[in-house]
Amino acid sequence: MTRVEPRFDELVHGAVRLRVCSMLARLGSTEFALLRDSLKVSDPTLSKHLKHLEQAGYLQLAKGPGLAGRTRTWAELTAKGQAAFDGHVAFLREVIGLDAGIPQPGESPQPRPSPK
Amino acid sequence: MEKPSTFQVGKFRLADMETEDLSPRGVREQLNTLQADAVVAGRRSAAPLWYLTAQALCCAVFVLSFSFGRWEAMGFASAGVALCLLGMLRPVITGTRADPWAYRRSLKVGAVLAAFLLVMLGAGMFALGPGSPPAVPAAAALLTFGVTLALGIRMERAFSRSVTDAA
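Residues numbered from 1 in each chain as written. Chains lettered and ligands numbered in written order. Predicted model: local features only at pLDDT ≥ 70, side-chain atom pairs only at ≥ 80, totals over all residues. Heavy atoms only, no water.

(A) Structural view of the pattern of salt bridges. All names here are of chain A. In total, this model carries 6 salt bridges over all chains according to the counting rule given. One salt bridge connects Asp37 with Arg36, and the closest N-O pair in it is separated by 3.0 Å. For Asp37, a relative accessible area of 34% corresponds to the partly exposed category. Among the residues examined, Arg36 registers a relative accessible area of 24% and is labelled partly exposed. (Salt bridge = Lys/Arg side-chain N within 4 Å of Asp/Glu carboxyl O. Buried < 20%, exposed > 50% of the residue type's maximum accessible area, 1.4 Å probe, protein only.)

So, in structure tokens, the structure goes:
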């Protein structure tokens with residue numbers, strides 16, 4: 001399990017932004033429509049939050065191909081965004097007493113050992 | 001301006017305005033929501049059944065092409081181009097560039113699939129030809145289609161699980 005330094009991040013802390021970062025951390029570059037449909041938020045809401053994250057340098061937005069020749073927006077976490085997200089999740093896990101490590105695929109989260 | 005009061009959460013000291021949902025209960029809810037999103041992400045990142053069927057069909061046509069005689073090049077080219085197109089279209093169809101070949105679980109299944117296809121290619125090169133009884137290439141194509149589809153579905157399931165389980 002990789003140990004990550006817990007760090008509260010005010011930008012990632014917002015409910016929608018946290019979920020956006022989580023999806024992008026799992027899926028990599030992801031289309032706007034998939035994010036919107038998976039998180040069940042409206043287009044303007046998602047656009048606003050993606051813009052905030054982009055302005056902070058946490059993600060990159062790019063235009064790419066879509067079906068039927070339409071152009072789609074793709075979002076991808078930057079290294080800075082990934083680090084901010086990992087640190088914030090580690091912080092959340094620390095709050096509820098879980099070990100701040102990020103479990104690798106297949107591992108379950110470990111409870112924090114109680115002090116002796 | 002009044003300085004915001006601070007609040008102790010574990011070893012962290014935060015200002016009140018940041019702490020509206022940082023109680024253990026609130027945090028647990030947030031993490032549960034993220035886990036629910038992870039399940040959705042896993043499901044949405046998998047290719048649809050029609051895509052896997054099309055892939056299996058291309059592989060079957062490729063194997064069948066060994067029996068086409070002077071048209072075999074046409075068969076190879078068509079199947080090959082279609083497979084490449086499907087690969088290029090995958091991100092557009094699934095909405096994500098997440099790739100089954102990048103995850104250990106699905107890569108293992110993919111390796112078995114690749115090995116099977118190599119065996120069928122070898123069988124096609126040495127055992128199939130324009131003079132083969134029709135039942136032989138048909139059986140080879142059917143076998144290729146069935147196994148490719150089954151392993152393709154298995155690979156996508158492994159991929160979905162990996163996406164769901166990833167941190």
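Text resumes after the structure shown.
(B) Just the interface of chain B and chain A, in detail. Taken residue by residue, the interface counts 35 residues in chain B and 32 residues in chain A. Both sides together, the interface formed by chain B and chain A hides about 3,100 Å², and carbon and sulfur atoms give 65% of it. Between chain B and chain A we count 1 salt bridge in total. In this structure, the salt-bridge partner of Arg19 of chain A is Asp37 of chain B, at a minimum N-O distance of 2.7 Å. Between chain B and chain A we count 8 residue pairs in polar contact (both at pLDDT 80 or more) in total. Elements with a contribution of two residues or more to the side of chain B that touches chain A: β2 (12–15), α1 (24–45), α3 (72–94) and α5 (135–165) of chain B. Ranked by the residues each element gives to the side of chain B that touches chain A, the list is headed by α1 of chain B, at 14 residues. Split by residue class, the side of chain B that touches chain A holds 18 nonpolar, 8 polar and 9 charged. (Contact = heavy atoms within 4.5 Å. Buried area = accessible area lost by both parts, 1.4 Å probe. Polar contact = N/O pair within 3.5 Å; in protein donor to acceptor, adjacent residues only side chain to side chain. Helix = DSSP H or I, 4+ residues; strand = E, 2+ residues; numbered from the N terminus. Nonpolar A, V, L, I, M, F, W, Y, C, P; charged D, E, K, R; others polar.)

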